[in-house]
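# Fold and geometry: a report
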Amino acid sequence: MNELSLLQKFAIWVLPVVFAITVHEVAHGWVALRLGDKTASRLGRLTLNPIKHIDPVGTILIPGILLALSSGFIFGWAKPVPVDPRAFRKPRQHMAIVALAGPVANLLMALAWALWVRLGVSLDIAYFTLPMIYTGVAGITINLVLMLINLLPIPPLDGGRVLLGVLPTPLAYALSRIEPYGFIILLVLLYSNVISGLLQQPMMLGQQWLAAVAGL
């Protein structure tokens, strides 16, 4: 891939990736605040300023490498928003709600990007329509990927934390013991293409639905 193509891809993907990761984390902190935990608010993490949320490896390095390699798969993460479950009336259940807020935010953002694409298609203005469509499709893709991966039942992913909140205590305790190894498990599943196989169908359905919303 030549340098110009790489710069074009970077220009298309940088805003959707950073915005998807940032809003995902802010959603966790915002819901935690509504449930009684002011930790994220006190630390200044309830902001859309990406500098407050950027993880050098997860937000910049990994997505950049995947983009440069034309892997067809973009993934990343931000610095986790701190949450203190001791501030909740029902710590386990409320932590599950806080965890679910991130994927829900990604779903809403994917829908917003689809509407952005629809606007671009309807405007049909030279030099504006194609960039709007390309950026919107990137926004749809990254948000669907983040939503689906985070819903995997592996702590510390959001899906794992939701399970910890709804499972009977003995099962929740057993599941929590794999949390220190959760990221390693995720990397192995990603490298072995297991996750690609698991998420292929829901990803395709999500893309078809949002393409219809976008008018593509």
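Not measured: the values here are computed from a predicted model. (Residues numbered from 1 in each chain as written. Predicted model: local features only at pLDDT ≥ 70, side-chain atom pairs only at ≥ 80, totals over all residues. Heavy atoms only, no water.)

## A closer look at the overall build of the chain
Note the cut-off: Counting from the N terminus, the helices are the DSSP runs of H or I reaching at least four residues and the strands are the DSSP runs of E reaching at least two. Only protein chains enter the accessibility calculation, which uses a 1.4 Å probe; a residue is then buried when its area is under 20% of its type maximum, exposed when over 50%, and partly exposed in between. Computed with the Shrake-Rupley method and a 1.4 Å probe, the accessible areas treat only the protein chains shown as cover for residues. We treat Lys and Arg as the positive residues and Asp and Glu as the negative residues; His and chain ends play no part in the count. To locate a charge, take NZ of a lysine, CZ of an arginine, CG of an aspartate or CD of a glutamate.
Each helix and strand in the chain was counted, giving nine helices and zero strands. When its helices and strands are written in sequence order, the chain yields α-α-α-α-α-α-α-α-α. Across its three principal axes, the chain shows a C-alpha extent of roughly 55 × 35 × 30 Å. Split into buried and exposed, the 216 residues of the chain put 39% on the buried side. When the accessible surface of the chain is summed, it comes to about 12,000 Å², and 71% of that surface belongs to carbon and sulfur atoms. Both charge centroids of the chain, one from 14 positive and one from 8 negative side chains, sit 10 Å from each other.

## A short note on the nonpolar core
A general feature of soluble globular proteins is that nonpolar side chains tend to end up buried together. Heads up, the rule is: Remark: nonpolar core denotes a set of buried residues (Ala, Val, Leu, Ile, Met, Phe, Trp, Tyr, Cys) joined through side-chain atoms within 4.5 Å.
With 21 residues, the main nonpolar core has Ile149 and Leu152 as its most contacted residues. Going through the elements one at a time, helix H4 (91-123), helix H5 (129-150) and helix H9 (194-214) are the ones with two or more residues in this core. With seven residues, H5 is the largest single contributor of residues to this core. Val17, Ala20, Val31 and Leu146 belong to the second largest nonpolar core, which has 18 residues in total.

## A short note on the packing of H5 against H9
Spelled out, the test is: Note on definitions: angles span 0 to 180 degrees between N-to-C directions of axes, and those axes are lines fitted to C-alpha atoms, for helices only across the stretch in contact. Roughly parallel means an angle under 35 degrees; roughly antiparallel, over 145; roughly perpendicular, 65 to 115; everything else is oblique. Two helices cross in a left-handed way if the nearer one is turned anticlockwise from the farther one by less than a right angle. They cross in a right-handed way if the turn is clockwise. We call two residues in contact when some of their heavy atoms are within 4.5 Å. Residues were grouped as follows: Ala, Val, Leu, Ile, Met, Phe, Trp, Tyr, Cys and Pro as nonpolar; Asp, Glu, Lys and Arg as charged; and all remaining residues, including Gly, as polar.
Look at H5 against H9: their axes get within 10 Å of each other, and the N-to-C directions meet at 135°. Considering the angle they form, H5 stands oblique to H9. Seen along the crossing, H5 lies across H9 with a hand that is right-handed. Side by side, H5 and H9 meet where Ile140, Thr141, Leu144, Val145, Leu148 and Ile149 of the first sit next to Ile195, Leu199, Pro202, Met203, Gly206, Gln207 and Leu210 of the second. For the contact of H5 with H9, the residue count by class is 10 nonpolar, three polar and no charged.

## Examining H4
Defined as follows: How far a helix is expected to stretch is found by multiplying one less than its residue total by 1.5 Å. A residue's bend is the angle separating two fitted axes: one through the seven residues that end there, the other through the seven that start there.
Helix length check: H4, at 33 residues, gives a terminal C-alpha distance of 48 Å against a target of 48 Å (1.5 Å per residue), a fit within 8%. Of all the bends in H4, the greatest, near 25°, is centred on Ala101, and the proline Pro103 appears no more than four residues after it. Immediately beyond the C-terminal end of H4, within one or two residues, lies Asp124, with a positive phi of roughly 50°.

## Notes on the confidence of the model for the chain
In plain terms, the rule: Here pLDDT means the predictor's own confidence in every residue, given as a number from 0 to 100.
Within the chain, residue pLDDT values average 87, and 93% of them lie at 70 or more. Ranking the elements of the chain by mean pLDDT puts helix H3 (residues 56-68) last with 73 and H4 first with 95.

## Observations regarding the layout of surface pockets
The test is simple: The distinction between a cavity and a pocket rests on a 1 Å grid over the protein atoms alone: a 1.4 Å probe fits inside a cavity but cannot get out, while a pocket stays open yet meets protein on both sides within 12 Å along at least five of seven lines, and a residue with an atom within 4 Å of a point counts as lining. Grid points are joined across faces, edges and corners, and a volume is the space filled by probe spheres set on the points.
For the largest pocket, the calculated volume is near 840 Å³. Taken together, the elements giving at least two residues each to the lining of the largest pocket come down to helix H1 (3-34), H4, H5, helix H6 (158-166), helix H7 (169-176) and helix H8 (182-191). No other element matches the six residues that H4 contributes to the lining of the largest pocket. Of the residues assigned to the lining of the largest pocket, the class counts are 23 nonpolar, nine polar and five charged.

## Details of unusual backbone geometry
Cis peptide bonds are those with omega within 30 degrees of zero, and the linkage from Pro155 to Pro156 qualifies with 15°. When you line up the elements, Pro156 lands in the loop between H5 and H6. Its identity as a non-glycine residue notwithstanding, Asn193 has a phi of 65°, on the positive side. Within the fold, Asn193 resides in the loop between H8 and H9.

## Considering the pattern of salt bridges
Rules: By convention in these notes, a salt bridge is any Lys or Arg side-chain nitrogen within 4 Å of a carboxyl oxygen on Asp or Glu.
Applying the stated criterion across every chain, the model contains two salt bridges. Notably, a salt bridge pairs Asp84 with Arg86, separated by 3.0 Å at the nearest N-O pair. In this structure, Glu179 engages Arg161 in a salt bridge whose closest nitrogen and oxygen atoms are separated by 2.7 Å. Residue Glu179 is found in the loop between H7 and H8, and its partner Arg161 is found in helix H6; the two are separated by 18 residues along the sequence.

## Some words on the environment of Tyr173
With respect to the secondary-structure elements, Tyr173 resides in helix H7. Each C-alpha atom of the pair Tyr173 and Pro156 lies 13 Å from the other, and the pair is 17 residues apart in sequence.

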